[in-house]
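Here are the chains, one letter per residue:
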There are 2 protein chains.
Amino acid sequence: MIKVTLLVLLVLVTVSSTLGKYIPKTGKRIPQTLSRGWGDQLIWAQTYEEALYWSRSRNKPLMVIFHLEDCPHSQALKKAFSDDNEIQKMLDEDFIVLNLVYETTDKHLSPDGQYVPRIIFVDPSMTVRADINGRYSNRMYAYEPSDLKLLMTNMKKAKKLLKSEL
Amino acid sequence: MIKVTLLVLLVLVTVSSTLGKYIPKTGKRIPQTLSRGWGDQLIWAQTYEEALYWSRSRNKPLMVIFHLEDCPHSQALKKAFSDDNEIQKMLDEDFIVLNLVYETTDKHLSPDGQYVPRIIFVDPSMTVRADINGRYSNRMYAYEPSDLKLLMTNMKKAKKLLKSEL
């Protein structure tokens, strides 16, 4: 008798916890993360305004990654990028990070056009570091998975902050 | 012998999968979600630009929630809001949703100031619906957990789209 009561209770608890939360008709979804797979352990800014504020207030350079979920070049770079512990560690400790799947209204973030993947550095003085670029002359801010060493070199460049006017 | 080899293999696999990913000095973090707890099953836009684009292209009204993680009023509203299945369902099916912890540069989103929590509706015609407000005259777009019925009524108002000029 006790067993039956317990079973009924268990069923009730299960049903109520299932009923408790909204589930879409198409089935339960995995919550989207701010990292979008570019480094689940990093603390990502959500918007460019937020990222600029963090960059200024913490005096750290900002890395902005433009990418698209359905772009194979973005996906390949993301895989290599998120697997590279040296890059992840330096980003975590010395950078503000932002990844965007949508262009901002700020044209300074697309010095040579709006393509993906594209990585732009911004100095805490709010200056876009157009001088820090990759190896492709037609898409200056694009990187491929094989370019991670160059990206690391560029991150070190970005860490040398521009002198701010005081 | 085979067992020992298997064990060694298992240990190696375990060690390499642990070594495989960057872990911050302060310990492993839970990845941030775009929902920030306002509805894990909803598909959230990341930025205002993205949200406006979705709203226009899908002809759905946009709900923008301004909140702060360390604001108890925001937290209380979030709890009630995310537990309300009727609201979650209507948002999922009929709205574009965006939650922000940082103000945008668009002043139309703060018709009577920048406070949290604050819920602003935007029509697909890109018109901020300043006419859809809550019950507090000093903070017209604030809601408390007890105001969810009013919020639902306001969502229905927002679903009646403004006539766009064609």
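Going along each chain's sequence as written, the residues are numbered from 1 onward. Both sets of labels track the order of writing: A upward for chains, 1 upward for ligands. Side-chain atom pairs in this predicted model are given and counted only at pLDDT of 80 or more, local residue features only at pLDDT of at least 70, and totals for whole chains, interfaces and linings cover all residues. With hydrogens and water set aside, each side-chain value is computed from the structure's full complement of heavy atoms.

Visitor: Run through the packing of helix α4 (residues 85-94) of chain B against helix α5 (residues 148-159) of chain B, naming residues and quoting values.
Guide: All names here are of chain B. Running from amino to carboxyl end, α4 crosses α5 at an angle of 20 degrees, the nearest separation of the two axes being 11 Å. Classified by the angle between their axes, α4 and α5 sit roughly parallel to one another. Note on packing geometry: the crossing formed by α4 with α5 is left-handed. Residues Glu 86, Ile 87, Met 90, Leu 91 and Asp 94 of α4 lie in contact with α5, whose contacting residues are Leu 148, Leu 151, Met 152, Met 155, Lys 156 and Lys 159. The nonpolar class holds Ala, Val, Leu, Ile, Met, Phe, Trp, Tyr, Cys and Pro. Asp, Glu, Lys and Arg form the charged class, and all remaining residues, Gly among them, are polar. Each residue belonging to the contact of α4 with α5 can be placed in one class, and the counts come to 7 nonpolar, no polar and 4 charged. In this description, a line fitted to the C-alpha atoms serves as the axis of each element, helices being fitted only across the stretch in contact, and the angle between N-to-C directions of two axes falls anywhere from 0 to 180 degrees. A run of H or I in DSSP becomes a helix once it reaches four residues, and a run of E becomes a strand once it reaches two; helices and strands are each numbered from the N terminus. Roughly parallel refers to an angle under 35 degrees, roughly antiparallel to one over 145, roughly perpendicular to one between 65 and 115, and oblique to any angle outside these ranges. It is the rotation of the near helix from the far one that decides the hand of a crossing: anticlockwise by less than a right angle makes it left-handed, clockwise makes it right-handed. For this analysis, residues touch if any pair of their heavy atoms sits within 4.5 Å.

Visitor: I'd like to hear about the sheet that holds strand β3 (residues 118-122) of chain A, residue by residue, with values.
Guide: Residue and element names in this part refer to chain A. For two strands to pair, DSSP has to find at least two bridges joining them. Across the sheet, 3 strands lie side by side as β2-β1-β3; this open sheet has mixed pairing. Sheet topology places β2 (96-100) and β3 at the edges, where each strand pairs with a single neighbour. Averaged over all pairs of adjacent strands, the angle between their axes in this sheet comes to 20 degrees, without regard to strand direction. Where strand β1 (residues 62-66) and β2 come together, 5 bridges link them in parallel fashion. Among the inter-strand pairings, Phe 66 is bridged to a residue of β2, identified as Leu 100.

Visitor: Give me the lowdown on the packing of aromatic side chains, citing residues and values where you can.
Guide: For Phe, Tyr and Trp, where Trp contributes only its six-membered ring, two rings pair if their centres lie within 6.5 Å, and the inter-plane angle classes them as stacked under 30 degrees, edge-to-face over 60, or tilted in between. Tallying each qualifying case throughout the model produces 6 aromatic pairs over all chains. Judged by centre distance (6.1 Å) and plane angle (55 degrees), the ring pair of Phe 95 of chain A and Phe 121 of chain A falls under tilted. With Phe 95 of chain A in the loop between α4 (85-94) and β2 and Phe 121 of chain A in strand β3, the pair connects residues that are 26 residues apart, well separated along the chain. With respect to burial, Phe 95 of chain A and Phe 121 of chain A carry one shared label: buried. The ring of Trp 54 of chain A carries the charged tip of Arg 58 of chain A above its face, separated from the ring centre by 4.7 Å. For a lysine, the NZ atom is tested; for an arginine, the CZ atom; a charge sits over a ring if that atom is within 6 Å of the ring centre and within 35 degrees of the ring normal. The ring centre of Phe 66 of chain B lies 3.9 Å from the NZ or CZ of Arg 118 of chain B, which sits over that ring. Relative accessibility under 20% of the residue-type maximum defines a buried residue, over 50% an exposed one, and the middle range a partly exposed one, all with a 1.4 Å probe and only protein chains included.

Visitor: Account for the pairing of strand β2 (residues 96-100) of chain B, naming residues and giving values.
Guide: A large share of β2 of chain B lies buried, amounting to 5 of its 5 residues. Alternating positions in β2 of chain B separate into two faces, Ile 96, Leu 98 and Leu 100 of chain B on one and Val 97 and Asn 99 of chain B on the other, with burial throughout.

Visitor: Please give an account of the interface of chain B and chain A that cites residues and values.
Guide: Each partner contributes residues to the interface: chain B has 39 residues there, and chain A has 39 residues. A combined buried area of about 3,600 Å² lies between chain B and chain A, and 47% of that area is made up of carbon and sulfur atoms. For Arg 29 of chain B, the salt bridge goes to Asp 92 of chain A, with nearest N and O atoms at 3.1 Å. Polar contact criterion, stated in full: a pair of N or O atoms within 3.5 Å, where within protein one must be able to donate a hydrogen and the other to accept it, and residues adjacent in sequence count only if both atoms are side-chain atoms. Inspection of the region where chain B meets chain A yields 19 residue pairs in polar contact (both at pLDDT 80 or more). Taken together, the elements giving at least two residues each to the side of chain B that touches chain A come down to α2 (48-58), α3 (72-83), α4 and β2 of chain B. With 5 residues, the single largest contributor to the side of chain B that touches chain A is α4 of chain B. Across the side of chain B that touches chain A, the residue classes break down as 14 nonpolar, 12 polar and 13 charged. In short, buried area is how much 1.4 Å probe accessible area vanishes from two parts on joining, totalled over both. Here, a salt bridge means any side-chain nitrogen of Lys or Arg that lies within 4 Å of a carboxyl oxygen of Asp or Glu.

Visitor: So what's going on with the relation of the copies chain B and chain A? Residues and values would help.
Guide: Aligned on chain A, chain B shows an RMSD of 0.0 Å; the corresponding rotation is 180 degrees and the shift along the axis is 0.0 Å. The superposition of one copy onto the other is thereby described by a two-fold rotation axis. Measuring from the rotation axis to each C-alpha of chain B, the shortest distance belongs to Thr 33 of chain B, at 2.0 Å. Most of the interface of chain B is mirrored in chain A, where 100% of its interface residues are also at the interface. Least-squares superposition of the copies uses the C-alpha atoms of those residues scoring a pLDDT of at least 70 in each of them.

Visitor: Go over unusual backbone geometry, please, and point to the residues and values.
Guide: The phi angle of most residues is negative, glycine excepted, and most peptide bonds adopt the trans form. All names here are of chain A. A cis geometry characterises the amide bond from Val 116 onward to Pro 117, with omega recorded as -10 degrees. Mapped onto the elements, Pro 117 comes out in the loop between β2 and β3. A positive phi angle, near 50 degrees, is found at Arg 36, a position not held by glycine. Located in the positive-phi region is Met 126, a residue other than glycine, with phi close to 70 degrees. For Met 126, a relative accessible area of 38% translates into the label partly exposed.

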